[in-house]
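# Fold and contact review
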Amino acid sequence: MTTGAPADATSMTRADVEGWIAKAHGPVGELLALPGVPASPSVVISRAAESAKVAPYGGFMLSWPEQEDGVQVLNHLPDGGFFLDLLRRVYEPILSRRPRLAEALGDHSRVEMAITNDVLQVQLNQLADGYTMIRHHALMLFESVLWVTPASRRLWTDLFEASTSLAMAERSAPPTVAELDDIEAAGFAAMVAYAADSADEAGALELLGSPALEPIVTYQLWASAAIGLLWRDFASVPQERRLQWHQRELIAYRDLDYLCDRLRAEQRAVPTEGSA
């Protein structure tokens, strides 16, 4: 699929994915072993989808987990090019001012994070109901940011922080849980509606420029903004207390109002994206 990134930055081959699962094994194991963390350690394997045409959300989601006979299976697309192009659209207001951050979309790190974050997610006890991709899943993706190379990590943390500023700019109040839930629901409804188009090369090229993707763009911006909130909090913690930070967040992330306190604090004094 045509993309702004080179092929080796978008591929999700079996060797790629198995390597990322193995890479995540160590840091995920350390997190699961922290006292009080709701852990469910299990075997994690990968399964490649034949194409985006058989994926539940087409090209809009790089991986999706399933449990089979006690084994956690990470299904994944064979290529993440369309998804990375979608993120270019999401981040365009940021990249137009800070073009260097576009390097984050061209170094394989984002497709790696799609797998490694799920290695953690599937080995935690989940909410019975109410798990959200914007707020709860933000912690999974945040942790995966810490496992990429230092150069990639700097790019992503800058990009996620800029996303926080962009999403919160010009708001008179932080978003409510209900508002974020509506944003997420609209994004997923659009992903379902346009999944087939996203899996077709000609359709995908047309779709990337279509206003029909705006609900997905808004959803992805807020998902990135939530990761930025976590980074700002984590970066403010002294090095010697960061293990306790991970423990606290992994225990608390299942709360139905998770991240709402950070959203309220951010609203009090967030810079505009232009100054980020």
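Structure's up top.
What counts as what
Residues numbered from 1 in each chain as written. Predicted model: local features only at pLDDT ≥ 70, side-chain atom pairs only at ≥ 80, totals over all residues. Heavy atoms only, no water. Salt bridge = Lys/Arg side-chain N within 4 Å of Asp/Glu carboxyl O. Helix = DSSP H or I, 4+ residues; strand = E, 2+ residues; numbered from the N terminus. Buried < 20%, exposed > 50% of the residue type's maximum accessible area, 1.4 Å probe, protein only. Phe/Tyr/Trp six-rings, centres within 6.5 Å; stacked < 30°, edge-to-face > 60°. Lys NZ or Arg CZ within 6 Å of the ring centre and 35° of its normal. Pairing = 2+ DSSP bridges. Axes fitted to C-alpha atoms, helices over the stretch in contact; angles between N-to-C directions. Contact = heavy atoms within 4.5 Å. Parallel < 35°, antiparallel > 145°, perpendicular 65-115°, else oblique. Left-handed = near helix turned anticlockwise from the far one by under 90°. Expected span 1.5 Å × (residues − 1).

### A look at the pattern of salt bridges
Tallying each qualifying case throughout the model produces 15 salt bridges. The shortest N-O distance in the salt bridge between aspartate 233 and arginine 262 comes to 2.5 Å. Taken together, the residues aspartate 233 in helix 10 (residues 214-235) and arginine 262 in helix 12 (residues 260-268) connect sequence positions 29 residues apart. The class of arginine 262 is buried, set by a relative accessible area of 13%. With its nearest N and O atoms 2.7 Å apart, the salt bridge here joins arginine 248 to glutamate 249.

### What to know about the packing of aromatic side chains
Within this structure, the stated rule accounts for 11 aromatic pairs. Grouping aromatic residues by their ring pairs yields a cluster made of Phe142, Trp231, Phe234 and Trp245. In this arrangement the basic side chain of arginine 242 is found over the ring face of phenylalanine 234, its NZ or CZ atom lying 4.5 Å from the centre.

### Topic: the pairing of strand 2 (residues 63-68)
Both strand 2 and strand 3 (residues 71-76) contribute to a ladder of 6 bridges, which runs antiparallel. Bridge assignment links serine 63 to a residue of strand 3, and that residue is histidine 76. Linking strand 2 back to strand 3 in an antiparallel pair, the connection comprises 2 residues, with aspartate 69 at a positive phi of about 55°.

### Focus: the sheet that holds strand 2
Sheet architecture is open: 3 strands sit in the order 1-3-2, paired in mixed fashion. Edge positions in the sheet fall to strand 1 (44-48) and strand 2, since each of these pairs with one other strand and no more. Between one strand axis and the next, the sheet turns through 30° on average, direction left out of account. As judged from the 5 bridges shared by strand 1 and strand 3, these two strands associate in the parallel manner. Across the sheet, residue serine 46 finds its bridge partner in strand 3, namely leucine 74. The strands that helix 1 (residues 14-32) touches are strand 1 and strand 3; relative to strand 1, the one it contacts most, it runs at about 160°. Running at roughly 35° to strand 2, helix 4 (residues 109-121) makes contact with strand 1, strand 2 and strand 3 of the sheet.

### Looking at the side chain of serine 144
Within the secondary structure, serine 144 sits in helix 5 (residues 137-145). Classification of serine 144 by relative accessible area gives buried; the value is 0%. Those residues in contact with serine 144 that sit more than four places away from it in its chain are Met113, Thr116 and Asn117.

### Some thoughts on the packing of helix 5 against helix 10
Between helix 5 and helix 10, whose axes approach to 9 Å, the crossing angle comes to 60°. Between helix 5 and helix 10, the crossing angle belongs to the class labelled oblique. Like other packed secondary-structure pairs, helix 5 and helix 10 cross with a definite hand, here right-handed. Residues Ala138, Leu139, Leu141 and Phe142 of helix 5 touch helix 10, and the partners they reach there are Ala226, Ile227, Leu230, Trp231 and Phe234.

### Some points on the side chain of histidine 137
Position of histidine 137 relative to the elements: it lies in helix 5. With near-sequence residues (within four places) excluded, histidine 137 lies in contact with Asn117, Asp118, Gln121, Tyr131 and Thr132.

### Thoughts on helix 6 (residues 150-168)
Helix length check: helix 6, at 19 residues, gives a terminal C-alpha distance of 27 Å against a target of 27 Å (1.5 Å per residue), a fit within 8%. Residues of helix 6 that are buried include every one of Ser152, Leu155, Trp156, Thr157, Leu159, Phe160, Ala162, Ser163, Thr164, Ser165, Ala167 and Met168, and no others. Tucked inside the fold, the buried residues of helix 6 contact helix 2 (81-90), helix 3 (92-95), helix 4, helix 5, helix 10 and helix 12. Once helix 6 finishes, glutamate 170 follows within two positions and takes phi at roughly 65°, a positive value.

### Considering helix 7 (residues 177-193)
Relative to the 24 Å expected for 17 residues at 1.5 Å per residue, helix 7 spans 24 Å between its end C-alpha atoms, a close match to the ideal helical length. Next to the buried residues of helix 7 lie helix 8 (195-198), helix 10 and helix 12.

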